[in-house]
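# Report on the structure
Okay, here's what each chain looks like letter by letter:
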Amino acid sequence: MRILMQGRGSASNAGGGGRDADGTNSISPMLERRLRDFQLAQRKRREKYGNERPWGILGLYDHLTGIRTDVEWAEDAAWRREHDEPYLSWTDFESAKDTGFNQPFFTYIVMLVCSVCLVVSIGVNGWKVERLSVNPMIGPSAETLIDMGAKQTSLIVIKYQWYRIFTPMVLHAGLIHFFLNMLAMWFIGSAVELSHGFFAAAALFIIPAMGGTIMSAIFLPEYISVGASGGIFGLIGACIADILTNWKLLFSKEVNESEKGIRIRHIKVLLWLVFDIVINCLIGLTPFVDNFTHLGGMLYGFLIGLTTMERLSKAFFGVHTDCATRLRSFLIRFFGLILSVMLIIATVIILANSEGKKVPCKGCRYFSCVPFPFWASEDKKWWYCDDCPLSQAEAHQDRETTYYTSIDLTCPNGEVQYIDLSGEDITDKDWLREQLATFCRESCDSLFA
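Residues numbered from 1 in each chain as written. Predicted model: local features only at pLDDT ≥ 70, side-chain atom pairs only at ≥ 80, totals over all residues. Heavy atoms only, no water.

### Notes on the nonpolar core
- Counting 42 residues, the largest nonpolar core has Tyr61, Met185, Val192 and Phe205 as the members making the most contacts within it.
- Elements supplying a minimum of two residues to this core: helix H3 (56-82), helix H5 (105-124), helix H7 (153-157), helix H8 (175-196), helix H9 (198-219), helix H10 (229-245) and helix H13 (291-308).
- In terms of residues, this core owes the most to one element, H9, which gives nine residues.
- Those residues in contact with Met185, other than ones at most four positions away along the chain, are Phe106, Thr107, Val110, Met111, Ser190, Phe205, Ile232 and Leu235.
- Counting 14 residues, the second-largest nonpolar core is a separate cluster that includes Ile407, Leu409, Cys411 and Cys444. (Core = buried A, V, L, I, M, F, W, Y, C linked by side-chain atoms within 4.5 Å. Buried < 20%, exposed > 50% of the residue type's maximum accessible area, 1.4 Å probe, protein only. Helix = DSSP H or I, 4+ residues; strand = E, 2+ residues; numbered from the N terminus. Contact = heavy atoms within 4.5 Å.)

Below, the structure written as structure tokens:
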């Protein structure tokens, strides 16, 4: 972005304005011209796109991105006037932002890698998807996800497979999980990247995805989880940080047609922010998708966003800032980065010392997965939140009748249960394998590893 540094400097002196001899406020011609250019850009934007915006975080961030672009155009116009450069219209400036190399390449890369990994995971699963009672996301089995690199704490800590902190961010539990995440990635990821660049978007996706996975590994050590959700929530957290740091400007009279109804708009925005977060957390209550990754990613994204997101200049609008305000902004920016690094280091140390089995709280898993429907009987739920899908068994077969007479079922906690199958006339080994989770829930004392 071409910045009129000299113009901004003069804005704080001549551009910020002062008081005339009669005590009325005045602003410099330079600042007045910049504000007039900005208001023209806002009017052009409303004529082209209308006043309606998408709902929720995305809608508010879209509004903020538009303000940032219009500020850039006004500063570009001021720079061109000062250097006698040809005038560039707002329409041409807006169109130029979507051409050439100004594309969300990081977003494209993430979506491509996630797409390839989904196809590969279904292929590894024998080109079939599991029953909805096993995986409601219409995807592969838990065993396949583990083979592909899903997060499982014991394998990270005991087997030293630390790559599992990174691999879950490109894996998905199934088609539903994949399409929801890629839809969010396309809208939110591309918006952040076009506004702040490739490297900022990469940092705001990768670091929160790692941090969220580490938090999940600590609080849900035996819970298998995958998904780009941690990184996407990191982008959402960064959007929230960007919105909050520019909150006053977003609702100021300089960037709105009038101050009428500003308080109502504040309340609506807060309600939509809460609604977006709640909806995504509800999605996290399904198997293989966990809310510790979601909220951990959002926390890291918010903290890193405080550091990496470029702030709108208050000087552009003629707003003076004193030394205390500038110092506070400086400390907040570095506070986010330092706290993020400290949290990553602390959580890695906690994870490494956990032996892959210690659970901080027994009810933590129900913060991330809840059996559903609540009203259905135990054998008719759409999905469960236990470790029975990981159960294994040794089957005993009568050679004369070929019927399976019994199995030695190894429960998730390692205990072995003998299950009598005599009189059931079972000959289908694949069917018997599919029933192991049901046998586990009926016979095992502990359903968790």
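### Some details on a nonpolar patch on the surface
- A surface patch of nonpolar side chains, amounting to about 1100 Å² of accessible area, comprises Phe101, Phe105, Tyr108, Ile109, Val113, Leu183, Trp186, Phe187, Phe198 and Phe199.
- Here the nonpolar patch takes four residues from H5, the largest share from any one element.
- Along the chain, Phe105 falls in helix H5. (Patch = residues over 30% accessible without salt bridge, like charges linked within 9 Å, V, L, I, M, F, W, Y side chains within 5 Å. Areas by Shrake-Rupley, 256 points an atom, 1.4 Å probe, with all protein chains shown as cover. Salt bridge = Lys/Arg side-chain N within 4 Å of Asp/Glu carboxyl O.)

### Re the confidence of the model for the protein chain
- For the protein chain, mean pLDDT is 80; residues scoring 70 or higher make up 81% of the total.
- By mean pLDDT, helix H1 (residues 5-15) is the weakest element of the protein chain at 38, and H5 is the strongest at 96.
- Segment residues 1-25: pLDDT under 50, and 47 contacts once partners within four positions in sequence are set aside and those in other chains are kept. (pLDDT = per-residue confidence, 0-100.)

### Quick word on the sheet that holds strand E4 (residues 404-410)
- Strand order in the open sheet made by the three strands is E3-E4-E5, with antiparallel pairing throughout. Each edge of the sheet is formed by a strand with only one pairing partner; in this case those strands are strand E3 (392-397) and strand E5 (416-420). Strand after strand, the sheet turns through a mean of 20° between neighbouring axes, direction not considered.
- Taken together, the five bridges between E4 and E5 define a ladder with antiparallel strand orientation. The partner of Thr410 across the bridge, within E5, is Val416.
- The sheet strands contacting helix H16 (residues 436-443) are E3, E4 and E5, and the helix crosses E4 at an angle near 70°. (Pairing = 2+ DSSP bridges. Axes fitted to C-alpha atoms, helices over the stretch in contact; angles between N-to-C directions.)

### Topic: the environment of Tyr404
- With respect to the helices and strands, Tyr404 occurs in strand E4.
- The class of Tyr404 is buried, set by a relative accessible area of 8%.
- Between the C-alpha atom of Tyr404 and that of Asp420, which follows or precedes it by 16 residues, the distance is 9.3 Å.
- Here Tyr404 is in contact with Ala395, His396, Gln397, Leu421, Ile426, Thr427, Asp428, Lys429 and Leu432, once residues within four sequence places are set aside.

### Quick word on the state of the cysteines
- Throughout the structure, instances matching the rule amount to two disulfides.
- Two residues share a disulfide in this structure: Cys388 and Cys440, whose sulfurs sit 2.1 Å from each other. Its torsion about the S-S bond being -60°, the disulfide of Cys388 and Cys440 is classed as left-handed. Of this pair, Cys388 sits in the loop between helix H14 (323-352) and E3 while Cys440 sits in helix H16, and the two are 52 residues apart along the sequence. Of the two residues, Cys388 and Cys440, both sit in the buried class. (Disulfide = S-S within 2.5 Å.)

### Quick notes on the pattern of salt bridges
- One pass over the structure, following the stated rule, counts seven salt bridges.
- The network of salt bridges with shared partners includes Arg33, Asp37 and Arg81.

### Regarding unusual backbone geometry
- Notably, Ile138 is not glycine yet its phi reads approximately 60°, a positive angle.
- Of note, Ile138 is situated in the loop between H5 and helix H6 (142-148).
- The phi angle at Asp425 is positive, at roughly 55°, despite the residue not being glycine.

### Quick look at the packing of H5 against H8
- Orientation of H5 relative to H8, taken along the N-to-C sense of each, is 170°, at an axis distance of 9 Å. In this view, H5 runs roughly antiparallel relative to H8, as classed from their interaxial angle. Between H5 and H8, the contacting residues are Phe105, Phe106, Thr107, Tyr108, Val110, Met111, Cys114, Ser115, Leu118 and Ile122 on the first element and Leu175, Phe178, Met182, Met185, Trp186, Gly189, Ser190 and Glu193 on the second.
- Within the contact of H5 with H8, the residues separate by chemical class into 13 nonpolar, four polar and one charged. (Parallel < 35°, antiparallel > 145°, perpendicular 65-115°, else oblique. Nonpolar A, V, L, I, M, F, W, Y, C, P; charged D, E, K, R; others polar.)

### Observations concerning the packing of aromatic side chains
- By the definition in use, this model includes eight aromatic pairs.
- An angle of 85° between the planes, with centres 5.7 Å apart, marks the rings of Phe106 and Phe198 as edge-to-face. Taken together, the positions of Phe106 in helix H5 and Phe198 in helix H9 put the pair 92 residues apart, joining distant regions of the chain.
- On the accessibility criterion, Phe106 (8% relative accessible area) is buried.
- Here a set of aromatic residues connected by ring pairs shows up, and it is made of Phe106, Phe198, Phe199 and Phe205. (Phe/Tyr/Trp six-rings, centres within 6.5 Å; stacked < 30°, edge-to-face > 60°.)

### Quick notes on the packing of H9 against H10
- It is the contact of H9 with H10, at a shortest axis distance of 7 Å, that shows an interaxial angle of 125°. As judged from the angle between their axes, H9 and H10 are oblique. Both H9 and H10 take part in a crossing whose hand is right-handed. Between H9 and H10, the residues in contact are Ala201, Leu204, Phe205, Pro208 and Ala209 and Gly230, Gly231, Ile232, Gly234, Leu235 and Ala238, respectively.
- Of the residues that constitute the contact of H9 with H10, the class distribution is eight nonpolar, three polar and no charged. (Left-handed = near helix turned anticlockwise from the far one by under 90°.)

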